[in-house]
Amino acid sequence: MKIIKPGSTIGVIGGGQLGRMIALAAAPLGYKTHIFTDIKNGSASHVAAKTIVANYDDKKALERFAKNVDVVTFEFENIPYESIKTLEKTVVVRPGWELLHICQNRLREKDFINELGIKTAPYKEITSAKTLAQAYKTIGPKCILKTVEFGYDGKGQHIIDENSRLEKLWNEAKMGTGILEKMVDFDKEISVIIARNEGGEVIPYIPVENIHKNGVLDITLAPAEIDLSIVEKAWEIAYKISEKIQLVGLLAIEMFLLKNGDILVNEMAPRPHNSGHWTIDACITSQFEQLVRAVCGLPLGSTDYYSYAIMKNLIGKDIESWKEFIHDSDSKIHIYGKKEAREGRKMGHITHLVVPPDEIIEP
Ligand SMILES: Nc1ncnc2c1ncn2[C@@H]1O[C@H](COP(=O)(O)OP(=O)(O)O)[C@@H](O)[C@H]1O
Ligand SMILES: [Mg+2]
C-alpha cells in the first residue's frame, strides 16, 4: 500500500467548501493542501497552501499541479474524467477516474447499482420529446426529469405529472440527454458515507436522515431514527458498492427508505458529502479527516459519535443567522467565507449538538 506520509502535499480538485474542510482536516495531520480550481479566491483557497486557477481541462496546468503534489483527490464531480485520467499518468489519484465516470452520469450510475442487485427508482433514458412521451407511459403518472450530467442541488430537474405538457417541457428544458425517474413516495431520505483504503479496510458512518428544501439539503438528523435492521441494510448496500469498485477514499450514498422497509439508492457521490458535515463536531473522526486517511494510505479512524447532531445548512441570506446561533453554546458554526450570499448558495452550516444528558457531568 502506497503511504503518503505527513509532511506531504494533498492536491484537491475543486475550490469550494468541501475543499476548504478537507484542507482544514489535513492540517492537524501535518499535510499541506494545494487546490486546483476554476474560480479565483474560492472558499478552499483561503485555507490552502497554494492554489492553481485554471480550467479543469487545461492539460498544462494539470501537469504542473501533478508535479507539485503527492496525491490527488477531488471535492466535486463535474470535472472531465479525462482530466483525472491525465493526472493518473503522473500522480496517484484517489478515488480514481472509473468511479468518477460512473457517478457523474445518472444513467451509468443507476445501471451500475442495478447490476449489483441493488434497487433504484424505475428510470429511462430520454433523448427526445418522443422518448419522453413513451417513457412517461410506463413510468408515470408522477415522475422527475433530470439532466443526466452536470446537475446538483436539484438543478436541472423538472417534476412531471398528468398536467404536464411533455413536448413543451422537453423543448424548453434544453438538456441534451435526460433521465426520467419515477417519483418515489419515500418515508425518509437517508444517506451513508463509507470510507475504504487501499489495504481494504472499510468503515461506514451511521446512516443519517436528510430533509431537503427546494431540492437542496436543508437539515441532517444524525443518527437517523430507524430500526437496527434498516441500519444494517443501508450499510450492506454501502459495503457492497465500495467493494465492487475497490473504493479508495470516501463514497456517499443517498437512499430512499420506503414505508415497507425497502431501500432504493438515489445517487452516489465519490467525495465528502453535505450530509456528513455533522461528523466534524460529533464524531471521533470527521468525514474530511477520514478522506485524508484513506487517500494517504493511513489506517481509518473511528466513526463513533459522541453526540447526536442536527446539521442545518445556511443557504443564501440564512448566513446572517450566525448572529443568533453564536449565542447558542451547543451549536458549532461553520462559515465558508464566500463573499456573495447569492440565493441558493451554500454559505455555511450549523451543527447543533445534543449530548445524551445522562452522560454529561456539569461543571
Ligand atoms: N425519484 C425521486 N423520487 C422522489 N424524490 C426525488 C427523486 N429524485 C430526486 N428527488 C428529490 O430531489 C432531491 C435532489 O435530487 P438528486 O437526484 O439527489 O439530485 P442532486 O444531484 O441535485 O442532489 C433528492 O434528495 C430528493 O429529495
Ligand atoms: Mg442528491
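Worth saying up front: this structure is predicted, and the values here are computed from it rather than measured. (Residues numbered from 1 in each chain as written. Chains lettered and ligands numbered in written order. Predicted model: local features only at pLDDT ≥ 70, side-chain atom pairs only at ≥ 80, totals over all residues.)

Draft legend 1. Structural context of the overall build of the protein chain. Helix and strand counts for the protein chain stand at eleven helices and 17 strands. Scaling as 2.2 N^0.38, a compact globule of 363 residues should have a C-alpha radius of gyration of about 21 Å, and the protein chain matches this with 20 Å. For the C-alpha atoms alone, the extent of the protein chain along its principal axes is close to 60 × 55 × 40 Å. Residue burial in the protein chain is summarised as follows: out of 363 residues, 43% are buried. Within the protein chain, residue pairs in contact and separated by at least 24 positions form 61% of the contacts whose partners lie at least 6 positions apart. (Helix = DSSP H or I, 4+ residues; strand = E, 2+ residues; numbered from the N terminus. Rg over C-alpha atoms; globule rule 2.2 N^0.38 Å. Buried ≥ 20, exposed ≤ 12 C-beta atoms within 10 Å, placed from the backbone. Contact = placed C-beta atoms within 7 Å.)

Draft legend 2. Molecular detail of the packing of helix H2 (residues 59-68) against helix H3 (residues 81-88). In the contact formed by H2 and H3, the axes pass within 10 Å of each other and the chain directions differ by 45°. When the axes of H2 and H3 are compared, the pair comes out oblique. Taken as a pair, H2 and H3 cross one another with a handedness that is right-handed. Residue-level inspection shows Lys59, Leu62 and Ala66 of H2 in contact with H3, the latter providing Ser83, Thr86 and Leu87. Class assignment of the residues belonging to the contact of H2 with H3 gives a composition of three nonpolar, two polar and one charged. (Axes fitted to C-alpha atoms, helices over the stretch in contact; angles between N-to-C directions. Parallel < 35°, antiparallel > 145°, perpendicular 65-115°, else oblique. Left-handed = near helix turned anticlockwise from the far one by under 90°. Nonpolar A, V, L, I, M, F, W, Y, C, P; charged D, E, K, R; others polar.)

Draft legend 3. Broad picture of the nonpolar core. In terms of nonpolar packing, the biggest core is built from 74 residues, with Ile22, Ile253 and Val292 touching the most fellow members. Looking at which domains feed residues into this core, each of domain 1 (9-93) and domain 3 (188-359) gives three or more. For Ile253, the residues in contact, after removing those within four places along its chain, are Ser191, Val192, Ile237, Ala238, Ile241, Val265 and Met268. Formed by 14 residues, the second largest nonpolar core is a distinct cluster that contains Ala135, Cys143, Ile144 and Ile179. (Core = buried A, V, L, I, M, F, W, Y, C linked by C-beta atoms within 7 Å. Domains from an automatic or database assignment.)

Draft legend 4. View of the site of ligand 1. Taken together, 15 residues lie near ligand 1, and Ala121, Glu181, Met183, Val184 and His212 sit nearest. For the shell around ligand 1, the domains that each give at least three residues are domain 2 (122-182) and domain 3 (188-359). (Near = placed C-beta within 6 Å.)

Draft legend 5. Seen up close, the sheet that holds strand E2 (residues 32-37). The strand order across the open sheet formed by four strands is E3-E2-E1-E4, and the pairing between neighbours is parallel. Looking at strand neighbours, the two that pair on one side only are strand E3 (50-53) and strand E4 (71-74), the edges of this open sheet. Between one strand and the next, the sheet's axes are offset by a mean angle of 20°, whatever the strand orientation. (Pairing = 2+ DSSP bridges.)

Draft legend 6. Structural detail: the sheet that holds strand E6 (residues 143-147). Taken together, the four strands give an open sheet; going across it, the order is E5-E8-E6-E7, and neighbouring strands pair in antiparallel fashion. Two strands lie at the open edges of the sheet, namely strand E5 (123-126) and strand E7 (157-160), each paired on one side alone. For this sheet, the mean inter-axis angle between neighbouring strands, taken without regard to orientation, is 25°. Bridging between E6 and strand E8 (residues 178-182) involves five bridges; their strand directions are antiparallel. Looking at E8, one finds that Ile144 is bridged to Glu181.

Draft legend 7. Main features of the pairing of E8. Among the five residues in E8, four count as buried, and that is most of the element. Of the pairings in the sheet, the one linking E5 to E8 comprises four bridges and is antiparallel in character. Note that in E8 the partner of Lys124 across the bridge is Leu180.

Draft legend 8. Spotlight on unusual backbone geometry. A cis amide bond links Gly140 to the next residue, Pro141, at an omega of 10°. Inspection of the secondary structure puts Pro141 in the loop between helix H6 (129-139) and E6. One non-glycine residue with positive phi stands out, namely Asn41, at about 60°. Topologically, Asn41 is positioned in the loop between E2 and E3. The phi dihedral of Asn214 is positive, around 50°, even though this residue is not glycine. Mapped onto the secondary structure, Asn214 falls in the loop between strand E11 (208-213) and strand E12 (216-222).

Draft legend 9. Region of the structure containing the domain arrangement of the protein chain. Taken domain by domain, the protein chain holds domain 1 (9-93), domain 2 (122-182) and domain 3 (188-359). Here domain 1 and domain 3 have C-alpha centroids that lie 22 Å from each other. Taken together, the contacts link 19 residues of domain 1 with 15 residues of domain 3. Among the secondary structure elements, those contributing two or more residues to the side of domain 1 that touches domain 3 are helix H1 (17-26) and E4. Per-element tally for the side of domain 1 that touches domain 3: the top contributor is H1, with eight residues. Here the residues of the side of domain 1 that touches domain 3 sort into twelve nonpolar, four polar and three charged.

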